[in-house]
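Observations on the three-dimensional arrangement
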Amino acid sequence: MDQYGRTDRLELADQTLREWNALVLDASADGIVLDRSAFYPGGGGQPPDHGVLLWGGVQTRIEGVRKGGDLSLIPREGDPLPPSGTAVRGAVEDSRRTALMRTHSALHLLGGVVFRDYGSLVTGGNMEPLEARMDFNLPEVPEGFKEHLAEACAKEIAADRAIKVENLPREQAFAIPDIIRTATNLLPPDIEIVRIVDIVGLDTQADGGTHVRSTRQIGGIEIAKVENKGKGFRRVRIRLSD
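Residues numbered from 1 in each chain as written. Predicted model: local features only at pLDDT ≥ 70, side-chain atom pairs only at ≥ 80, totals over all residues. Heavy atoms only, no water.

**Thoughts on the sheet that holds strand 10 (residues 122-128)**
We apply this condition: At least two DSSP bridges between two strands are required for those strands to pair. Numbering of helices and strands runs from the N terminus, with a helix taken as a DSSP run of H or I at least four residues long and a strand as a DSSP run of E at least two residues long. To obtain each axis, a line is fitted to C-alpha atoms, and for helices this fit is confined to the stretch in contact; angles are then taken between N-to-C directions over 0 to 180 degrees. For this analysis, residues touch if any pair of their heavy atoms sits within 4.5 Å.
In spatial order, the strands read 10-11-16-15; together these four strands make up an open sheet with antiparallel pairing. Since the sheet does not close on itself, it has two edges, and those belong to strand 10 and strand 15 (220-228), each with one partner. Strand-to-strand twist across the sheet, computed as the mean angle between neighbouring axes with direction ignored, equals 20°. When strand 11 (residues 131-136) meets strand 16 (residues 234-241), the two strands line up antiparallel, connected through six bridges. The residue of strand 16 that forms the bridge with Ala132 is Ile238. Sheet strands in contact with helix 2 (residues 94-118) are strand 10, strand 11, strand 15 and strand 16, and its direction is about 25° off that of strand 11.

Take a look at the structure:
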């Protein structure tokens, strides 16, 4: 699970890692393949990281990641490309990654609160740094729903719940009650090891993204808007603050 194609995915083992050494395996304008990378490639609604590769006294800016047979880092158009075999220093843009980690953890917290208090599953979601949306199969919007979410989320942040990540065999993972909190199970059937993200005492689910270490590190969550998107389809928009 910690490898994709020829690349060891360092960010899954250490979500705080921002710099590392690597070797270029392939390089072209379409993408750069490293033997080791901490660039999160995107997935589960979380966008990919940005950053740089430093080599030979120059830098190559990375603007995204493409999944295929390998993880291909997408260079900024016109930037120099490190030849195959080059030793490079990789660096993830810290402000973007940290903001996305906070936002992703905030969505898990929100989903945990809605499931606990209203029994509703997630039907969709998306995020950008410090703002996001999450959709729920909620038949109707209860009175005081927005205010309750704001208060409940604030309490969970103040509780400073630990956010733990572990890998479990598929059978053991699916023995956890309500491990899939989405209306549709998106976990591929051939995955043997399942990565679990646990907001201890609130929300436990299968997830492949990056997260902060505790709910207090999320910061403030503002319930910006609750939208009615059709029968049984409610959208909650959030913004994060320090």
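**Let's talk about helix 2**
The criterion, for reference: Expected helix span is given by 1.5 Å per residue-to-residue step, counting one fewer step than there are residues. For every residue, the accessible area (1.4 Å probe, protein chains only) is compared with the maximum for its type, and the residue is labelled buried under 20%, exposed over 50%, or partly exposed between those bounds.
Taking 1.5 Å per residue as the helical rise, helix 2 with its 25 residues ought to reach 36 Å, and the 35 Å between its terminal C-alpha atoms agrees with that figure. Counting buried positions along helix 2 yields 18 of 25 residues, so the element is predominantly enclosed. Of the residues one or two after helix 2, Gly119 is the one with positive phi, at around 70°.

**Observations concerning the nonpolar core**
Generally speaking, soluble globular proteins have nonpolar side chains that are buried together. Our working rule: Residues belong to one nonpolar core when they are buried, are Ala, Val, Leu, Ile, Met, Phe, Trp, Tyr or Cys, and are joined through side-chain atoms within 4.5 Å.
Counting residues in hydrophobic clusters, the biggest one holds 30 residues, and the most contacted among them are Leu109, Leu110, Ile221 and Ile238. For this core, the element with the highest residue contribution is helix 2, accounting for eight residues. When sequence neighbours within four positions are dropped, the list of residues in contact with Leu109 reads Cys153, Glu156, Ile157, Ile199, Leu202, Thr215, Ile218 and Ile221. In this structure, Trp20, Ala22, Val24 and Leu53 belong to the second largest nonpolar core, which totals 16 residues.

**What to know about the pattern of salt bridges**
Formally: Definition used for salt bridges: Asp or Glu carboxyl oxygen within 4 Å of a side-chain nitrogen of Lys or Arg.
Under the counting rule described, the total for this entry stands at 20 salt bridges. Notably, a salt bridge pairs Arg235 with Asp135, separated by 2.7 Å at the nearest N-O pair. Taken together, the residues Arg235 in strand 16 and Asp135 in strand 11 connect sequence positions 100 residues apart. Neither Arg235 nor Asp135 differs from the other in exposure class; each is buried.

**Description of the packing of helix 2 against helix 3 (residues 145-158)**
Condition: Each angle is binned into one of four classes, with values under 35 degrees roughly parallel, values over 145 roughly antiparallel, values of 65 to 115 roughly perpendicular, and all other values oblique. By definition, turning the near helix anticlockwise from the far helix through less than a right angle yields a left-handed crossing, and turning it clockwise yields a right-handed one.
It is at 10 Å that the axes of helix 2 and helix 3 come closest, and there the two elements cross at 120°. Relative to helix 3, helix 2 is oriented oblique. Here the hand of the crossing between helix 2 and helix 3 comes out right-handed. Contacts between helix 2 and helix 3 involve Leu109, Leu110, Val113, Val114, Arg116, Asp117 and Tyr118 on the former and, on the latter, Phe145, His148, Leu149, Ala152, Cys153, Glu156 and Ile157.

**A few points about unusual backbone geometry**
Notably, Leu130 is not glycine yet its phi reads approximately 70°, a positive angle. Relative to the helices and strands, Leu130 resides in the loop between strand 10 and strand 11. Judged by relative accessible area, Leu130 falls into the partly exposed class, the value being 30%. A positive phi angle is found at Asp160, which is not glycine, with a value near 55°. Relative to the elements of secondary structure, Asp160 occurs in the loop between helix 3 and strand 12 (163-169). Take Asp160: its relative accessible area is 34%, and that puts it in the partly exposed class.

**Details of the packing of aromatic side chains**
Using the following cut-off: Stacked, edge-to-face and tilted are the three classes for Phe, Tyr and Trp ring pairs, Trp counted by its six-membered ring, which pair at centre distances within 6.5 Å; planes under 30 degrees apart are stacked, over 60 edge-to-face, the rest tilted.
Applying the stated criterion across every chain, the model contains two aromatic pairs. Considering the side-chain rings of Trp20 and Phe39, the 5.4 Å spacing of their centres and the 80° angle between planes classify their relative orientation as edge-to-face. Placement of Trp20 in strand 3 (residues 19-28) and of Phe39 in the loop between strand 5 (36-37) and strand 6 (51-55) is noted, with a sequence separation of 19 residues between them. Like Phe39, Trp20 is buried. Relative to Phe145, the ring of Tyr118 lies with its centre 5.0 Å away and its plane at 70°, an arrangement referred to as edge-to-face. Residue Tyr118 is found in helix 2, and its partner Phe145 is found in helix 3; the two are separated by 27 residues along the sequence.

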